[in-house]
Amino acid sequence: MENQAVVELINVKKQIGNINIIDDISLKVFQGEVFGFLGPNGAGKTTTIRMMVGLIGITEGEVLINGVSIKKNYEKAILNVGGIIENPEMYKFMSGYDNLIHYARMVPKKVTKERINKVVQLVGLEKSINHKVGRYSLGMRQRLGLAQALLHSPSLLILDEPTNGLDPAGIREIRTYIRKIAHEENMAVFVSSHLLSEMQLMCDRIGIIQNGKLVRVETMGDIVDMSKEATIRIHVEPLDEAFHFLYALYEKTDIEIEDNFIKISLKQEQIPQCNKALVENDFMVYGITSTQTTLEDKFLEITEEK
Amino acid sequence: MVSFIDLIRNENMKLYKRTGTWVMIGLIILAMSGVGLFTKFVLDSDAHINWKEELKTENMQLESALKDTEQMGVGNDYVEQQLAINHYRLENDYPPVHSESLWGFMIDVTNLTGFVALFTIVVAAGIVANEFSWGTIKLLLIRPVSRSKILLSKFITTILFAIGMIILLFSLSFIFGSLLFGVSGVEQPHLVYQDGQVVEQNMITYIISLYGFNSIDLFMMLTLAFMISTVFRSSSLAIGISLFLMFTGPQLVQLLSNYEWVKYILFANTNLQQYTNGTPIVEGMTMTFSISMIMIYFIIFVALSWVIFEKRDVTA
Ligand SMILES: Nc1ncnc2c1ncn2[C@@H]1O[C@H](COP(=O)(O)OP(=O)(O)OP(=O)(O)O)[C@@H](O)[C@H]1O
Ligand SMILES: [Mg+2]
């Protein structure tokens, strides 16, 4: 079961005018997995998602949902998809409940009243479900958006920046909930964001998109490992000799001289070794400061180097 | 398969959950009551007691008018028909229908179809464009329902609104008219001149046929507004263009009626009553021609709406 790709993008391209907004993206998301789609503003996240749900045409390539082409067999392919695209805009002049009834009528398999109530409870909207949506706060609308996406128990959940506008408690709740449905109900979740810190706690894998290109796909584990690398600054004399010494010692890492300091990227456990080696070779070490790289730095690093 | 009835229920829910819709319905009822009250209390009330005398004087005028036109060598069908009907009334003791009676009032109210057309244009203009301006189009379209079905459900909902308003107008004017003017004289028929003689027709059938004729114009304006709404995604543009054409179209056609090509303009064809009583705008036009023109326009409007809605990239 674990190896069934719920959604597969094959060389997907989107061209508007002469501009390639999405340039040759291929990826797969599997059952029970939360896939993070990470990229800065304007990278093409929403555009990709719009193609995945058939709102806009695919210039080249193919999107398969449970093996069914969204281009050729739209109604069958979309049957198993629930989603929020950008802000979850709903009918403001109707109650939250009426909005859900509206979407419940639009699936072939009957959505029972019990199911609606259960979903309302899941997203924590029991108290305000009979109020007009016009009175909802942004966070409440996000929740209603999530409810609408889950009504028909889809096998793929597509969420475009679902925590946008939520308070920290709300973010945590949604995050916990997304992990839960992916793992317990074996649903595939495709979630976009421009915040790596948010993705870190929610996703199993992350794809990084930039200028319409998918620049990397990493498992969360790998990204966390990368973040264990720290950049340290060493105040050492004589500077140039120490630089050549370390350059020889750590061949593969980034090393440079900056403002009379040596700047070098090392794993945590390498820092004492490095210090020891310098001292044993009669270099004068006046100080070592570590500038911890966060995931956020890593993300910026990845997106900037391209 | 998603049931089509459910799609219609959805569209109706979205239409009638809005206050604006009820305001329009209220205004139609208000206008209808206004016409009734005005007729009852403001218009002169006992002007028609001597209807036989009045008809006789009218007939004399008509006869002399007829003589004049005969001397000029042109026939005058309309005057001849009117004379025949008046004679028939005198012989059979059928007073002419006047505004202060149930039937007279109901006939007057059929003119409010224009009002219904106005509101139907507002509904047709919004039903697609609003989904775009509200941003709700995204969540509406990512369902296992084809776009053309969604569009059809919206089109049908608009038509149902128009039909509903006309039924409302008809039945409320019946109730209101009976209350205001009483039901005396309801057995009276409507008289028409057919194949050289006067024929009695059921009055209800006649009133329904009046609504029928008026509805052609309404239906075409509805389709036009719906098309603009779908193509340009702007309800104000759709309302603007449709209302402008609804008000100026018929006048424009009249003004230009000397030109032969005017008969290809939609508005020269929507008034089918020009064939049942009166003369066509451009000589040589026939009922069949007008019905074909109406159908051609209808097909163009509908095809444009569907093709564009089906293909469009939704980036709202
Ligand atoms: N209809 C369009 N015509 C031309 N360019 C467009 C169109 N739609 C989007 N773009 C461009 O495509 C790029 C990607 O936009 P997209 O909305 O997918 O970004 P995003 O990753 O979702 O950004 P954000 O984080 O701000 O939501 C942007 O540079 C945008 O200007
Ligand atoms: Mg976006």
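As annotated in an unreviewed UniProt entry, chain B carries the name ABC-2 type transport system permease protein and is attributed to Texcoconibacillus texcoconensis.

If you check an unreviewed UniProt entry, chain A appears there as ABC-2 type transport system ATP-binding protein from Texcoconibacillus texcoconensis. The record in UniProt for chain A states the following under Sequence similarities (unreviewed entry): "Belongs to the ABC transporter superfamily."

Moving on to the overall build of chain B. Secondary structure summary: chain B contains 12 helices and 2 strands in total. Along its sequence from the N terminus, chain B presents helices and strands in the succession α-α-α-α-α-α-α-α-β-β-α-α-α-α. With the C-alpha coordinates aligned to their principal axes, the bounding extent of chain B is approximately 70 × 50 × 35 Å. Counting across all 316 residues of chain B, residues that qualify as buried make up 44%. Nonlocal contacts in chain B, meaning residues at least 24 apart in sequence, comprise 78% of its contacts between residues at least 6 apart. For chain B, the accessible area works out to roughly 15,700 Å², and carbon and sulfur atoms hold 63% of it. Treating the 18 positive side-chain charges of chain B as one cloud and the 25 negative ones as another, the clouds have centres 23 Å apart.

If a residue is not glycine, its phi is most likely negative; likewise, a peptide bond is most likely trans. All names here are of chain A. The omega angle of the peptide bond from E237 to P238 is -15 degrees, so this bond is cis rather than trans. Within the fold, P238 resides in the loop between β11 (229-237) and α9 (239-249). In the Ramachandran plot, E86 falls in the positive-phi region, its phi being about 55 degrees despite a non-glycine side chain. Looking at the secondary structure, you find E86 in the loop between β6 (81-84) and α3 (96-104). Within the chain, S153 stands out as a residue other than glycine whose phi angle is a positive 45 degrees. Following the sequence through the fold, S153 ends up in the loop between α5 (138-150) and β7 (156-160).

Take the site of ligand 1 next. Residue and element names in this part refer to chain A. Near ligand 1 the following residues occur: I16, I21, P40, N41, G42, A43, G44, K45, T46, T47 and E161. The separation between an oxygen atom of ligand 1 and a polar side-chain atom of E161 is 3.3 Å. A total of 650 Å² of accessible area belongs to ligand 1 in isolation, and the protein chains cover 59% of it. Per-element tally for the shell around ligand 1: the top contributor is helix α1 (residues 45-52), with 3 residues.

Interface extent is often summarised as the accessible area lost during association of the parts. Listed per partner, the contact involves 30 residues of chain B and 29 residues of chain A. For the pairing of chain B and chain A, the buried interface totals around 2,900 Å² over both sides, and the portion due to carbon and sulfur atoms is 60%. Between chain B and chain A we count 3 salt bridges in total. Note that D313 of chain B and K14 of chain A form a salt bridge whose closest N and O atoms lie 2.8 Å from each other. At the surface where chain B touches chain A, the tally comes to 16 residue pairs in polar contact (both at pLDDT 80 or more). It is helix α1 (residues 4-16) of chain B that provides the largest number of residues to the side of chain B that touches chain A, a total of 6 residues.

Looking now at the domain arrangement of chain A. By the assigned domains, chain A splits into domain 1 (5-223) and domain 2 (230-296). The C-alpha-based centres of domain 1 of chain A and domain 2 of chain A are spaced at 45 Å.

One pass over the full model with this rule turns up 20 salt bridges over all chains. In this structure, a network of salt bridges that share partners links the residues R233, E256, E258 and K263 of chain A.

This part is about helix α9 (residues 203-232) of chain B. Residue and element names in this part refer to chain B. In a regular helix each residue adds 1.5 Å, so 30 residues correspond to 44 Å; α9 covers 44 Å between its end C-alpha atoms and thus fits that length. Two or three places before I204, at the opening of α9, N202 has a side-chain oxygen 2.7 Å from that residue's backbone nitrogen. Once α9 ends, the next one or two residues include R233, with phi positive near 55 degrees.

Quick look at the packing of helix α8 (residues 147-181) of chain B against helix α12 (residues 287-311) of chain B now. Residues and elements named next belong to chain B. The geometry of α8 relative to α12 is characterised by a closest axis approach of 9 Å and an angle of 135 degrees between their N-to-C directions. It follows from the interaxial angle that α8 and α12 lie oblique. Considering the relative orientation of α8 and α12, their crossing is right-handed. Listed contacts from α12 to R147, S148, L151, L152 and F155 of α8 are F298, S305, W306, F309, E310 and K311. Residues belonging to the contact of α8 with α12 are distributed by class as follows: 6 nonpolar, 2 polar and 3 charged.

Turning next to the layout of surface pockets. Residue and element names in this part refer to chain B. There is about 920 Å³ of room inside the largest pocket. Taken together, 28 residues line the largest pocket, and the ones lying closest to its centre are H190, L191, V192, Y206 and N277. Looking at the lining of the largest pocket element by element, the count peaks at 6 residues for helix α4 (residues 77-92). Within the lining of the largest pocket, the residues separate by chemical class into 11 nonpolar, 14 polar and 3 charged. Here the lining of the largest pocket spans two domains, and each of domain 1 (4-44 + 97-311) and domain 2 (49-95) adds at least three residues to it. Reported here for the second largest pocket is a volume of approximately 490 Å³. In terms of lining residues, the second largest pocket is bounded by 23 residues, among which N214, D217, P250, T270 and N271 are the most central.

Procedures and definitions
- Residues numbered from 1 in each chain as written.
- Chains lettered and ligands numbered in written order.
- Predicted model: local features only at pLDDT ≥ 70, side-chain atom pairs only at ≥ 80, totals over all residues.
- Heavy atoms only, no water.
- UniProt positions renumbered as here; feature names shortened; annotations may be inferred.
- Helix = DSSP H or I, 4+ residues; strand = E, 2+ residues; numbered from the N terminus.
- Buried < 20%, exposed > 50% of the residue type's maximum accessible area, 1.4 Å probe, protein only.
- Contact = heavy atoms within 4.5 Å.
- Areas by Shrake-Rupley, 256 points an atom, 1.4 Å probe, with all protein chains shown as cover.
- Lys, Arg positive; Asp, Glu negative; His and termini not counted.
- Charge placed at Lys NZ, Arg CZ, Asp CG, Glu CD.
- Near = heavy atom within 4 Å.
- Polar contact = N/O pair within 3.5 Å; in protein donor to acceptor, adjacent residues only side chain to side chain.
- Buried area = accessible area lost by both parts, 1.4 Å probe.
- Salt bridge = Lys/Arg side-chain N within 4 Å of Asp/Glu carboxyl O.
- Domains from an automatic or database assignment.
- Expected span 1.5 Å × (residues − 1).
- Axes fitted to C-alpha atoms, helices over the stretch in contact; angles between N-to-C directions.
- Parallel < 35°, antiparallel > 145°, perpendicular 65-115°, else oblique.
- Left-handed = near helix turned anticlockwise from the far one by under 90°.
- Nonpolar A, V, L, I, M, F, W, Y, C, P; charged D, E, K, R; others polar.
- 1 Å grid on protein atoms, 1.4 Å probe; cavity = no way out; pocket = protein on both sides within 12 Å on 5 of 7 lines; lining within 4 Å.
- Points joined across faces, edges and corners; volume = space filled by probe spheres on them.

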